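# Structure assessment
The primary structure of each chain is shown beneath.
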Amino acid sequence: MHHFLKETDFTPEQAQHVFLLAKQFKDDRLNCPQTLKKQSWGLLFYKSSTRTRISFEVGVNELGGFPIVLDSQNTQIGRGETIADTAKVMSQYLHGLVIRTYGHEIVEEFAKHATMPIVNGLTDLNHPCQLYTDIFTLLERYSPEAMDINTLKGKKVVFLGDCASNMANSWIHSAAMFGMEITLAGPEGFAPTHEIDAVLEADGLAKQYVFTTDAKSATEGADVLCTDVWVSMGDEAEAVKRKSAMTPYQVNGDLLALAKSDAYFLHCLPAHAGEEVSQEVLDSPQSIIFDEAENRLHAQKAIMAKLVELNS
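Figured I'd write up the structure that's included with this text. Note that the coordinates shown come from a computational prediction; the quantities given were computed from them, not determined experimentally.

About the thresholds
- Every residue gets a number counted from 1 within its own chain, in the order that chain's sequence is written.
- Per-residue local features of the predicted model are confined to residues with pLDDT of at least 70, and side-chain atom pairs are confined, for both listing and counting, to 80 or more; whole-chain, interface and lining totals are unaffected and use all residues.
- Computation of side-chain values: all heavy atoms of the structure, hydrogens and water removed.
- Definition used in this section: a nonpolar core is a set of buried Ala, Val, Leu, Ile, Met, Phe, Trp, Tyr and Cys residues joined via side-chain atoms within 4.5 Å.
- For every residue, the accessible area (1.4 Å probe, protein chains only) is compared with the maximum for its type, and the residue is labelled buried under 20%, exposed over 50%, or partly exposed between those bounds.
- To qualify as a helix, a DSSP run of H or I must reach at least 4 residues; to qualify as a strand, a run of E must reach at least 2; elements of each kind are numbered from the N terminus.
- Contacts are residue-level and defined by heavy atoms, with any inter-residue pair within 4.5 Å sufficient.
- What makes two strands pair is DSSP finding at least two bridges between them.
- Each axis is a line fitted through C-alpha atoms, taken for helices only over the stretch in contact, and angles between the N-to-C directions span 0 to 180 degrees.
- The rule is short: rings of Phe, Tyr and Trp, with Trp giving its six-membered ring, pair when the centres are within 6.5 Å, and they are stacked under 30 degrees, edge-to-face over 60, tilted in between.
- What sets the label is the angle itself: under 35 degrees gives roughly parallel, over 145 gives roughly antiparallel, 65 to 115 gives roughly perpendicular, and the rest give oblique.
- Left-handed describes a crossing whose near helix is turned anticlockwise from the far helix by less than a right angle; the clockwise case is right-handed.
- Amino acids outside the nonpolar list (Ala, Val, Leu, Ile, Met, Phe, Trp, Tyr, Cys, Pro) and the charged list (Asp, Glu, Lys, Arg) are all regarded as polar, and Gly is one of them.
- Put simply, the grid is 1 Å and covers the protein atoms alone, a cavity is a trapped set of points that fit a 1.4 Å probe, a pocket is an open set with protein on both sides within 12 Å along at least five of seven lines, and lining residues have an atom within 4 Å of a point.
- Grid points are joined across faces, edges and corners, and a volume is the space filled by probe spheres set on the points.
- One fewer than the residue count of a helix, multiplied by 1.5 Å, yields its expected span.

If you look at the biggest cluster of nonpolar residues, it comprises 59 residues, and the most contacted ones within it are F19, Y132, W171 and F178. Considering each element in turn, this core owes the most residues, eight residues, to helix α6 (residues 166-178). Leave out the neighbours within four places in its chain, and Y132 touches F4, E7, F10, A15, V18, F19, M177, A299 and I303. In this structure, L160, V251, L269 and V281 belong to the second largest nonpolar core, which totals 19 residues.

Moving on, we get to the sheet that holds strand β9 (residues 264-267). If you trace the five strands from one edge of the open sheet to the other, you get β7-β6-β5-β8-β9, paired in parallel fashion. In this open sheet, the two edge strands, each paired with only one partner strand, are β7 (210-212) and β9. Adjacent strand axes in the sheet meet at a mean angle of 20°, parallel and antiparallel pairs treated alike. Docked against the sheet, helix α5 (residues 128-142) engages β8 (224-227) and β9, running at close to 160° with respect to β9.

This part takes up the packing of aromatic side chains. Using the criterion set out here, one finds seven aromatic pairs in the structure. Judged by centre distance (6.1 Å) and plane angle (55°), the ring pair of F19 and F178 falls under tilted. With F19 in helix α1 (residues 12-27) and F178 in helix α6, the pair connects residues that are 159 residues apart, well separated along the chain. Neither residue differs from the other here; F19 and F178 are each classed as buried. What links up through ring pairs into an aromatic cluster is the set F4, F10, F19, Y132 and F178.

Turning our attention to the packing of α5 against α6. At a closest axis distance of 9 Å, the pairing of α5 and α6 adopts a crossing angle of 55°. Relative to α6, the element α5 is oriented oblique. As α5 packs across α6, the resulting crossing turns out to be right-handed. Together, P128, Q130, L131, Y132, D134, I135 and L138 of α5 and M167, S170, W171, S174, M177 and F178 of α6 make up the contact between the two elements. A per-class count over the contact of α5 with α6 returns nine nonpolar, three polar and one charged.

Right, let's talk about the layout of surface pockets for a bit. Quantified by volume, the largest pocket comes out at close to 730 Å³. Elements supplying a minimum of two residues to the lining of the largest pocket: α2 (51-62), α6 and α9 (239-246). For the lining of the largest pocket, the element with the highest residue contribution is α6, accounting for three residues. Class assignment of the residues belonging to the lining of the largest pocket gives a composition of eleven nonpolar, 13 polar and twelve charged. Contributing to the lining of the second largest pocket are I68, L70, T75, Q76, I77, E81, T86, V89, M90, Y93 and L94. When contributions to the lining of the second largest pocket are tallied by element, the ones reaching two or more residues are β2 (66-71) and α3 (83-93). With four residues, α3 is the single largest residue contributor to the lining of the second largest pocket. Looking at the lining of the second largest pocket residue by residue, the class counts come to seven nonpolar, three polar and one charged.

Read across the open sheet, the four strands follow the order β2-β1-β3-β4; overall the sheet is parallel. Edge positions in the sheet fall to β2 and β4 (118-122), since each has one partner strand and no second. Each strand axis lies, on average, 20° off the axis of its neighbour in the sheet, ignoring direction.

The next subject is α6. If you check α6, its first and last C-alpha atoms are 18 Å apart, about what 13 residues at 1.5 Å a residue would give, namely 18 Å. Positive phi shows up at G179, right after α6, with a value of about 80°.

Our focus in this paragraph is unusual backbone geometry. Put simply, L269 and P270 share a cis peptide bond, and its omega is 5°. In this structure, P270 sits in the loop between β9 and α11 (279-282). Positive phi is not limited to glycine here, since L122 has a value of about 150°. Mapping L122 onto the fold places it in strand β4. Classification of L122 as buried rests on a relative accessible area of 8%. For M147, which is not glycine, the phi dihedral falls at a positive 55°. Along the chain, M147 falls in the loop between α5 and β5 (156-160). Given the relative accessible area of 1%, M147 is considered buried.

By the alternation rule, side chains of β9 split into Y264 and L266 and F265 and H267, which are all buried. Pairing between β8 and β9: four bridges, direction parallel. Residue pairing across strands places L225 opposite F265, the latter belonging to β9.

In structure tokens form, the structure reads like this:
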């Protein structure tokens, strides 16, 4: 059974096809192939959601399927049923399952016992659907017709803020996969962890990222600037400490000016203006955050369609 738990669960060739499918789905949204016709897909949430829920619910529907939204606390999981048993039972009813949760071991355990494809809608380790969306959004600028992933090679991506976050991990992983340069800038204590190094090693990818505490030097000559919230769900107790430590890494006009004149700004949203990013940057022509948000729909439809193909 083929699942999508991390960026490298598709080969580069399969990923290329995903981006081409996403373009096809976006160009003719109302006439996309009914790849999920007569299929029921579950959307299981341990965390609250806006973009993930809406984009997947609409996406399953537009591919001809029936989405079933599930709250983990309103299932027997919330009363102690094992993931193994839950996965086996759900596999009798569903044709696929998207999970947005905390520990990455949860999606791995589902995948171990399920006989349907599992899609990682977000874990504390990574956010592969968002990264495929971000790559697709960049390809719309760099290779709008061919969606050629080779155009990404050598592009300098800079991630600022919490460099041990799931978004930072996914950027590290994706940069290694697609041949981009990646520099991460953040405070001491928020550097990439051994966990992402182990993921790279397991996938046979070189540890080629650079971490620095100097935001200005990191940003010079960047093609893409990225950030995420400083206080993720589950980190609320550290809010004051985190905001104080990360203030020098706010993506603002001064930092944006150090990047290339045609650099793009990405943020998976929701954004907190005045914290990880200034309102000036959010509103700038270089900000493509709302194209990025829309593209969750098209990229995720392509991911699900590819999984159906691979599992047929």
